[in-house]
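Architecture and fold: a report
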Amino acid sequence: MSGYDVIVAGGGAAGMMAAGAAAEAGARVLLVEKNSRLGRKLRITGKGRCNVTNHCTVQEVIANTPSNGRFLYGALSRFGPADMESFLENLGVPLKVERGNRVFPVSDKAQDIVDALESYVRRSGAEIAEDRVEELWMEDGTVRGAKLARAGRIAAESVILACGGLSYPGTGSTGDGYRLARSAGHTIQELRPSLVPLVAEDPDCAELQGLSLRNIAVRLVDQKKKKVVFEDFGELLFTHFGLSGPVILSASSHIREMEPGRYRILIDLKPGLTPEQLDARLLRDFEKNINRNFINSLDALLPRKLIPVAVRRSGIPPETKCNAVTQEQRRGFGGLLKAFPVTIKGFRPIAEAIVTSGGVSVKEVDPRTMESKKTRGLYLAGELLDVDAYTGGFNLQIAFSTGRLAGESAGRKGGITGDSDSD
């Protein structure tokens, strides 16, 4: 291979955007991806539908990014959610906006997003190689290129690291980027899972395994600080280890200091009813089943699998006749249904997380260009950075915005010099 102006390591969301932007700026670009196909992780996001961005303002993206959101202001101002939507529409991918301003392709196919981005990369003139960046080639604090596993050492004016994090390692996110960044002098902040299922202390979860609850509300309570840190409405799944589902993944990103027993999920099984309305509903149900046992009167109210657990937690003997349930017991049971508690013990492994929290310290990256402050000619983008957001399309927008800024910055430099030679 001859020399290039820019080498991009990683063919995911940030890498494809970076490669295309750099090539559009006039640079000779090589996009290096170790998988046989680009965008492997992107193809499985949003259950294969790809929540590609959020239909909101730059300020709202920053507000939904608890880790170093302000660092993103420059990248988002240059290429924000509205720009991303226009970009995809211009590539022939019609979009739609769903609950929570989540943006999806009209086709509900993530593959359409991947195909459009790959087409963008190829049309821009960037070359694509199935290979892996093993080492950065550096001299006197400046990038000179990279050593590839197959092609060997390749000269380049700039290298963009967009290798992803540690989540979903089967898609290629195996942490290579952290090793490469560390070799260039960067500090790696503690790597933690985010948007990940939660492990519970509660043995009832195993009994409820496989039960999916739709249209429920949850509150995440920090019992140490005695405050609610997150609330949401949607779908939840009980598993053998604890809890999963969209609302739980969202809740996990609000847990910044995991300690066993510190956090508790309170599930409102009947969010459409006030406590008073629920009590009236229970009273009607008990009157209809006046001579039946308490445990046999709940089929119309709760999923069958949940009934024995709820009855056991209520403290009301299951064989109690409905006409013998006291007002205090009934209201206590209603309170349980409005705040069904599950105490959290920890996160599932980082390999199961949607995104990685932590990463390259943003103090060591220039937010105006995404260039390293440690090594000239090195740029960083996407999940590799210590920036992560809540669910809703924000994390992909961060990848696209930082990738585009890194690509434009490196591309302008390469387009001006344009004199790399092969080693």
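Residues numbered from 1 in each chain as written. Predicted model: local features only at pLDDT ≥ 70, side-chain atom pairs only at ≥ 80, totals over all residues. Heavy atoms only, no water.

1. Let's talk about the overall build of the protein
When you go through the protein residue by residue, the secondary structure sums to 13 helices and 18 strands. Looking at the protein as a whole, 56% of its 423 residues qualify as buried. Intrachain contacts of the protein at a sequence separation of at least 6 include 73% that bridge at least 24 residues. When the accessible surface of the protein is totalled, it reaches about 17600 Å², and 48% of it is carbon and sulfur. Of the charged side chains in the protein, 56 are positive and 51 negative; the average position of the first set lies 5 Å away from that of the second. (Helix = DSSP H or I, 4+ residues; strand = E, 2+ residues; numbered from the N terminus. Buried < 20%, exposed > 50% of the residue type's maximum accessible area, 1.4 Å probe, protein only. Contact = heavy atoms within 4.5 Å. Areas by Shrake-Rupley, 256 points an atom, 1.4 Å probe, with all protein chains shown as cover. Lys, Arg positive; Asp, Glu negative; His and termini not counted. Charge placed at Lys NZ, Arg CZ, Asp CG, Glu CD.)

2. Quick look at the environment of Pro308
For Pro308, the position within the fold is in helix H11 (residues 307-314). A sequence separation of ten residues divides Pro308 from Leu298, and the C-alpha atoms of the two residues are 9.8 Å apart. Each residue touching Pro308, except ones within four places of it in the same chain, is listed here: Glu207 and Ile295.

3. Remarks on the UniProt feature "domain: RsdA/BaiN/AoA(So)-like insert" (unreviewed entry) in the protein
In the numbering used here, UniProt assigns the feature "domain: RsdA/BaiN/AoA(So)-like insert" (unreviewed entry) to residues 192-355. Note that residues 192-355 is 27% helix and 29% strand, and that its end C-alpha atoms are spaced 9 Å apart. (UniProt positions renumbered as here; feature names shortened; annotations may be inferred.)

4. Details of empty space enclosed by the protein
Taken as a whole and judged by the stated rule, the model has one cavity of 30 Å³ or more. The volume enclosed by the largest cavity comes to roughly 40 Å³. If you trace the largest cavity, you find it lined by Arg192, Pro193, Ser194, Ser252, Ser253, Ile255, Arg256, Phe347, Ser357 and Asp388. Broken down by element, the lining of the largest cavity gets its largest block of residues, three residues, from strand S10 (residues 188-194). (1 Å grid on protein atoms, 1.4 Å probe; cavity = no way out; pocket = protein on both sides within 12 Å on 5 of 7 lines; lining within 4 Å. Points joined across faces, edges and corners; volume = space filled by probe spheres on them.)

5. Notes on unusual backbone geometry
Notably, Asn68 is not glycine yet its phi reads approximately 60°, a positive angle. With respect to the element layout, Asn68 can be found in the loop between helix H3 (58-63) and helix H4 (73-78). On the basis of relative accessible area, Asn68 is assigned to the partly exposed category, the value being 32%. Phi is positive for Leu195, close to 55°, though the residue is something other than glycine. With respect to the helices and strands, Leu195 occurs in the loop between S10 and strand S11 (198-200).

6. Re helix H7 (residues 176-183)
Taken together, the buried positions of H7 are occupied by Asp176, Gly177, Tyr178, Leu180 and Ala181. Buried positions along H7 lie against strand S7 (133-139), strand S9 (152-161), S10, strand S17 (355-360) and strand S18 (378-380). Where H7 ends, the next residue or the one after it, Gly185, has phi of about 95°, a positive value.

7. Brief notes about the nonpolar core
Counting residues in hydrophobic clusters, the biggest one holds 84 residues, and the most contacted among them are Val29, Leu42, Val52, Leu161 and Phe400. Ignoring sequence-local partners within four residues, the contact set of Leu161 consists of Ala9, Leu136, Gly177, Leu180, Ala181, Leu378, Tyr379, Leu380, Ala381 and Leu384. Residues Leu236, Leu243, Ile248 and Val309 belong to the second largest nonpolar core, which totals 42 residues. (Core = buried A, V, L, I, M, F, W, Y, C linked by side-chain atoms within 4.5 Å.)

8. Topic: the side chain of Thr45
Looking at the element boundaries, Thr45 is found in helix H2 (residues 45-48). The exposure class assigned to Thr45 is buried, which follows from its relative accessible area of 19%. Here Leu42 takes part through its backbone oxygen, which lies 2.9 Å from a polar atom of the side chain of Thr45. Those residues in contact with Thr45 that sit more than four places away from it in its chain are Cys50, Ala110 and Leu396. (Polar contact = N/O pair within 3.5 Å; in protein donor to acceptor, adjacent residues only side chain to side chain.)

9. Brief notes about the sheet that holds strand S3 (residues 53-54)
Hydrogen bonds along the backbone pair up the strands of a sheet, which may run parallel or antiparallel. Spatially, S3-S5-S4 is the arrangement adopted by the three strands of the open sheet, whose pairing is antiparallel. In the strand order of this sheet, the two ends are held by S3 and strand S4 (95-98), each with one partner. Of the pairings in the sheet, the one linking S3 to strand S5 (residues 102-105) comprises two bridges and is antiparallel in character. In the sheet register, Thr53 faces S5, and the bridge partner there is Val103. (Pairing = 2+ DSSP bridges.)

10. A few points about the pattern of salt bridges
With the rule as written, the count across this model stands at 29 salt bridges. For the salt bridge of Arg313 with Asp202, the shortest nitrogen-to-oxygen distance reads 2.0 Å. With Arg313 in helix H11 and Asp202 in the loop between S11 and helix H8 (204-207), this residue pair connects regions lying 111 residues apart in the sequence. Overall, Arg313 belongs to the partly exposed group, its relative accessible area being 23%. (Salt bridge = Lys/Arg side-chain N within 4 Å of Asp/Glu carboxyl O.)

11. Focus: the layout of surface pockets
Each pocket or cavity is described by its volume, and for the second largest pocket that value is around 180 Å³. What lines the second largest pocket is a set of 13 residues, and nearest its centre among them are Asn64, Arg102, Tyr390, Thr391 and Phe394. Class assignment of the residues belonging to the lining of the second largest pocket gives a composition of three nonpolar, seven polar and three charged. (Nonpolar A, V, L, I, M, F, W, Y, C, P; charged D, E, K, R; others polar.)

12. Re the pairing of strand S8 (residues 142-148)
In terms of burial, S8 is largely enclosed, as five of its seven residues are buried. Two elements, S7 and S8, share six bridges in a ladder whose sense is antiparallel. Looking at the pairing, Leu136 lines up with Ala146 of S8. Hairpin connection, S7 to S8: the antiparallel pair is bridged by two residues, and Asp140 has positive phi, about 50°.

13. Considering the sheet that holds strand S14 (residues 242-244)
If you walk around this closed barrel you meet the six strands as S11-S14-S13-S12-S15-S16, and the pairing is antiparallel. On average, each strand axis in the sheet is tilted by 45° relative to the strand beside it, whichever way the strands run. Relative to strand S16 (residues 340-347), strand S15 (residues 263-268) runs antiparallel, the two sharing four bridges. Bridge assignment links Arg264 to a residue of S16, and that residue is Thr343. Along the sheet face, helix H12 (residues 327-338) touches strand S12 (212-222), S15 and S16 and points at about 110° away from the line of S15. (Axes fitted to C-alpha atoms, helices over the stretch in contact; angles between N-to-C directions.)

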